[in-house]
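Examining the three-dimensional arrangement
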There are 2 protein chains.
Amino acid sequence: MKDTGKTGDISSMDEYDVLRIMKMRIVESYRWKLDIVKPISKELEISEEQLEEILIKRLDMASLEALHPRYESSQHYCIKEKLHSDLRLCWLCDVMNILSKEEAETIKNKIASEILTKGKSYQEAMEDGRKDLLEYLMR
Amino acid sequence: MKDTGKTGDISSMDEYDVLRIMKMRIVESYRWKLDIVKPISKELEISEEQLEEILIKRLDMASLEALHPRYESSQHYCIKEKLHSDLRLCWLCDVMNILSKEEAETIKNKIASEILTKGKSYQEAMEDGRKDLLEYLMR
């Protein structure tokens with residue numbers, strides 16, 4: 001399993017190879033594949049192999065090891081950021097002020113928890129949330 | 001053009017009516033229709049009339065008058081927020097750190113200016129931006 005990549009400028013190939021193998025073991029592990037490599041490569045429309053290459057090239061061992069728990073715990077935050085965009089809260093809340101920050105937070109937290117704890121799909125939860133949003137607006 | 005809405009609890013109907021007519025004149029003006037009412041109602045999947053009702057109910061005269069210029073000047077900011085979400089920069093940049101904040105800003109600013117100054121569609125500019133993003137990642 002020798003890496004023969006375009007790395008002529010790296011002085012100790014052996015050390016580089018070992019590091020590469022260690023990194024590959026992390027990103028090719030079952031949980032990594034399932035939780036990170038598959039979904040993110042799909043969203044970026046690149047192959048799983050390409051994403052793995054990017055990860056092992058751009059991150060050191062410590063960052064790679066820390067990434068899975070970090071990714072898990074950031075799910076709530078990133079889903080809420082995506083909702084902010086998909087529900088057009090930048091316009092409605094930040095710019096127009098026709099929805100308060102608190103109302104927006106309530107709606108986003110509810111949707112995010114339905115996705116993360118009740119297993120609803122993002123699309124379904126977001127569509128339900130859009131109804132809540134309109135109810136708030138119509139009040 | 002008397003408003004006979006469900007407003008029995010408003011003491012002076014005349015004053016309310018006048019205010020309502022003044023507000024309607026703003027939101028029904030040509031620029032408002034074109035720049036705000038049409039696109040936002042479409043994005044929220046509600047009718048233009050529903051959005052107009054929400055706006056005149058939720059905003060006072062001063063806020064309504066300030067909204068169009070405010071909306072215009074926030075376009076760049078909101079497009080960049082949407083790009084942050086659509087290009088998954090929450091994961092790539094904020095969580096994974098495989099793209100730096102500066103690289104992300106460069107990519108988003110380029111796309112936003114192509115939309116706002118060169119008239120590219122959001123979708124087209126975003127797809128081109130995704131290619132730039134992958135180039136950055138592959139370096």
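See the structure printed just above.
Read on for an overview of the structure.

Each value, and the rule that gives it
- Residues numbered from 1 in each chain as written.
- Chains lettered and ligands numbered in written order.
- Predicted model: local features only at pLDDT ≥ 70, side-chain atom pairs only at ≥ 80, totals over all residues.
- Heavy atoms only, no water.
- Contact = heavy atoms within 4.5 Å.
- Buried area = accessible area lost by both parts, 1.4 Å probe.
- Salt bridge = Lys/Arg side-chain N within 4 Å of Asp/Glu carboxyl O.
- Polar contact = N/O pair within 3.5 Å; in protein donor to acceptor, adjacent residues only side chain to side chain.
- Helix = DSSP H or I, 4+ residues; strand = E, 2+ residues; numbered from the N terminus.
- Phe/Tyr/Trp six-rings, centres within 6.5 Å; stacked < 30°, edge-to-face > 60°.
- Buried < 20%, exposed > 50% of the residue type's maximum accessible area, 1.4 Å probe, protein only.
- Lys NZ or Arg CZ within 6 Å of the ring centre and 35° of its normal.
- Disulfide = S-S within 2.5 Å.

So, about the interface of chain A and chain B. Tallying the contact residues gives 43 residues for chain A and 43 residues for chain B. Between chain A and chain B, roughly 4,200 Å² of surface is buried when both sides are summed, and carbon and sulfur atoms account for 62% of that area. Salt-bridge contacts for Glu103 of chain B lead to Arg58 of chain A; the nearest nitrogen and oxygen are separated by 3.3 Å. The interface formed by chain A and chain B holds 16 residue pairs in polar contact (both at pLDDT 80 or more) in total. Per-element accounting of the side of chain A that touches chain B gives the leading share, twelve residues, to helix α4 (residues 61-86) of chain A.

Overall, the coordinates contain two aromatic pairs over all chains when judged by the stated rule. Residues Tyr71 of chain A and Trp91 of chain B carry aromatic rings whose centres are separated by 4.6 Å and whose planes lie at 35° to one another, so their mutual orientation is tilted. Taken together, the residues span two chains, with Tyr71 of chain A in helix α4 and Trp91 of chain B in helix α5 (residues 89-95). As far as the burial class goes, Tyr71 of chain A and Trp91 of chain B line up, both buried. Stacked on the ring of Tyr136 of chain A, the Lys or Arg Arg139 of chain A has its end atom at 4.4 Å from the ring centre.

Covalent bonding between the sulfur atoms of two cysteines defines a disulfide. One pass over the full model with this rule turns up two disulfides over all chains. Across the disulfide, Cys78 of chain A is cross-linked to Cys90 of chain B (sulfur-sulfur distance 2.0 Å). Between Cys78 of chain A and Cys90 of chain B the disulfide shows an S-S torsion of about -85°. By sign, it is left-handed. Residue Cys78 of chain A is found in helix α4, and its partner Cys90 of chain B is found in helix α5; the two belong to separate chains. When its relative accessible area of 5% is taken as the criterion, Cys90 of chain B is described as buried. Cysteine Cys93 of chain A shares no disulfide, and the gap to the nearest cysteine sulfur, in Cys90 of chain A, comes to 9.1 Å. Take Cys93 of chain A: its relative accessible area is 3%, and that puts it in the buried class.

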